[in-house]
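# Geometric and topological summary
One-letter residues, chain by chain:
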Amino acid sequence: MNSLYPESYETSRARFLRDVELLGLNWFSSRLDSHLLKNHPDLSIDWFWAEPRDKQNLVIISTGQHGIEGYIGSAMLKVFTDEFAPRLNPENTGLLLVHTINPWGMKYNRKVNENGVDLNRNFTFDGIFDPSSNPHFLQLKALLAPDAPVRSFGVETIAFAWRTIKALISEGASALTYAALLGQYAAPKAMYYGGTRHEDGSLVMMELFGQALENYQTIIHLDMHSGYGPRYLMSITLVPLEPLNSAELSAKFSYPLVLRGDHQEFYATHGDMTEYFYKLRDEKFPNKHVFTCAFEFGTYGESLLSRIRSLRTMIFESQLYWYATRDKKTEEKIRHEFSELYFPAEEKWREKAISDCRKAFEGIFNAYGIL
Ligand SMILES: [Zn+2]
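As a starting point, this report considers the structure included with it. Note that this is a predicted model, so its numbers are computed, not measured. (Residues numbered from 1 in each chain as written. Predicted model: local features only at pLDDT ≥ 70, side-chain atom pairs only at ≥ 80, totals over all residues. Heavy atoms only, no water.)

### A look at the overall build of the protein chain
A count of helices and strands for the protein chain gives 13 helices and eight strands. Taken over the C-alpha trace, the protein chain has a radius of gyration of 20 Å; the compact-globule value for 371 residues is 21 Å, and the two agree within 12%. Taken along the three principal axes of its C-alpha coordinates, the protein chain extends 60 × 40 × 40 Å. Taking all 371 residues of the protein chain together, the buried fraction comes to 59%. (Helix = DSSP H or I, 4+ residues; strand = E, 2+ residues; numbered from the N terminus. Rg over C-alpha atoms; globule rule 2.2 N^0.38 Å. Buried < 20%, exposed > 50% of the residue type's maximum accessible area, 1.4 Å probe, protein only.)

### Focus on the coordination of the zinc ion
Around the zinc ion, the protein supplies His 66 (ND1), Glu 69 (OE), Glu 69 (OE) and His 225 (ND1) as donor atoms, at distances of 2.0 to 2.7 Å. Classification of the site at the zinc ion as irregular follows from its four donor atoms and the range of 53 to 146 degrees in their angles at the metal. Read N to C, the donor residues that coordinate the zinc ion are spaced as H-x2-E-x155-H. Here Glu 69 is found in the loop between β3 (57-62) and α2 (70-84), whereas its partner His 225 is found in strand β5 (residues 218-227), with 156 residues between them in sequence. A residue is classified by how much of its surface remains accessible, and Glu 69, at 1% relative accessible area, is buried. (Donors = N, O, S within 2.8 Å, 3.2 Å for Na, K, Ca; no water. Tetrahedral: all angles 85-135°; square planar, octahedral: opposite > 155°, others 65-115°.)

### What to know about the environment of Leu 181
In this structure, Leu 181 sits in helix α7 (residues 173-181). For the pair Leu 181 and His 336, spaced 155 residues apart in sequence, the C-alpha separation works out to 22 Å.

### Here we look at unusual backbone geometry
Positioned with a positive phi, Tyr 192 is a non-glycine residue whose angle comes to about 55 degrees. According to the relative accessible area criterion, Tyr 192 is buried, its value standing at 7%. Its identity is not glycine, yet Ala 324 carries a phi of approximately 60 degrees, on the positive side.

### With respect to the pairing of β5
Of all ten residues that make up β5, ten are buried, and the element is covered over most of its length. Alternating residues of β5 divide into Thr 218, Ile 220, Leu 222, Met 224 and Ser 226 and Ile 219, His 221, Asp 223, His 225 and Gly 227, and every residue in both groups is buried. Pairing of β3 with β5, which is carried by six bridges, proceeds in the parallel orientation. Among the inter-strand pairings, Ile 60 is bridged to a residue of β5, identified as His 221. (Pairing = 2+ DSSP bridges.)

### A look at the pairing of strand β1 (residues 29-37)
Strand direction decides the pairing type here: β1 and strand β2 (residues 40-51), joined by nine bridges, are antiparallel. Of the residues in β2, the one forming a bridge with Ser 29 is Glu 51. Counting the residues that bridge the hairpin from β1 to β2 gives two residues.

### A look at the environment of Ala 85
Locating Ala 85 in the fold gives a position in the loop between α2 and β4 (93-99). Of the residues examined, Ala 85 reaches a relative accessible area of 1% and is grouped as buried. Sequence separation between Ala 85 and His 136 is 51 residues, and the spatial gap between their C-alpha atoms is 45 Å. If we ignore the near neighbours within four places in the chain, the residues touching Ala 85 are Leu 23, Trp 27, Phe 80 and Leu 95. (Contact = heavy atoms within 4.5 Å.)

### Details of the environment of Asp 200
Among the structural elements, Asp 200 can be located in helix α8 (residues 200-215). C-alpha separation for the pair Asp 200 and Lys 189, spaced eleven residues apart in sequence, amounts to 19 Å. Those residues in contact with Asp 200 that sit more than four places away from it in its chain are His 35 and Lys 38. Side chain to side chain, Asp 200 and His 35 meet in a polar contact 3.2 Å long. (Polar contact = N/O pair within 3.5 Å; in protein donor to acceptor, adjacent residues only side chain to side chain.)

Put into structure tokens, the structure is as follows:
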């Protein structure tokens, strides 16, 4: 089972290139394309089109928007190419498979890209990256964006705990989560930074969304993520622009956990990719049918303590990257925590993730009548 999860960016990419070459033979036409990173020509975003004669439906699977989450994304892409793509009708259903929107982050085990940008806060539809859009983040800067070298893990944890308790008392848990996760355009050396312009990975996806909408009637886009949600249960998460509510979607897809993201159900964000896709459809292709969502493979869990631990991991990892530490053990501990947040090592976790993914693919593709 674990062989579905790749060891490295390079092995994952090589496997993808091999798999799609064979897969393409079943379709009317197919092509592979890539975008090399400007300052890292050994890294690329690779995507594959398999196109039918009659362009009715298109399935898009995208992975690695948050680099380190690309390892799980790669496993799910493999499940799709091996088990589901062969069951689709190549006469009227096309494929667009994207291997790693953020290859630098996948290679170096970071969530953000080579410019420190969280690509899922970078898809602003109006192209505005407003530094004042999240004033709460700035108020909580001492907690959320520390700007000094990391001392030992223990000392930093005490400081973190103290600041978190103060923030919980003054702001409350949901306001703290909101400020932390919304995205921010003010602190380039902190987590959830959305950048100052559309990054290359975002521009590639925007271009692909445009091509998909221009050519196909119905588009199903599934984007692979990890970190958020209950451990051992993947959540299908959607932006509020999707018309059906969570319960209706859960029934439609025969899948136990669907969350339509507003402040109540999970968390609000600025510059979300799937939201961008819906808005593009609404503005330029209102007659096309789009369903776009993220598969969120939960890792730490959902309790308040788990959420605080995940906040600590995010803050420490960013601080370590930008301000370093002299303590080797602290560095190892932070890297381990980060890896467990986005790519858990436990066999049982990995097996359950694969079986949830299968169930969701089955439910969604059946609901759209394409299996
Ligand atoms: Zn993610």
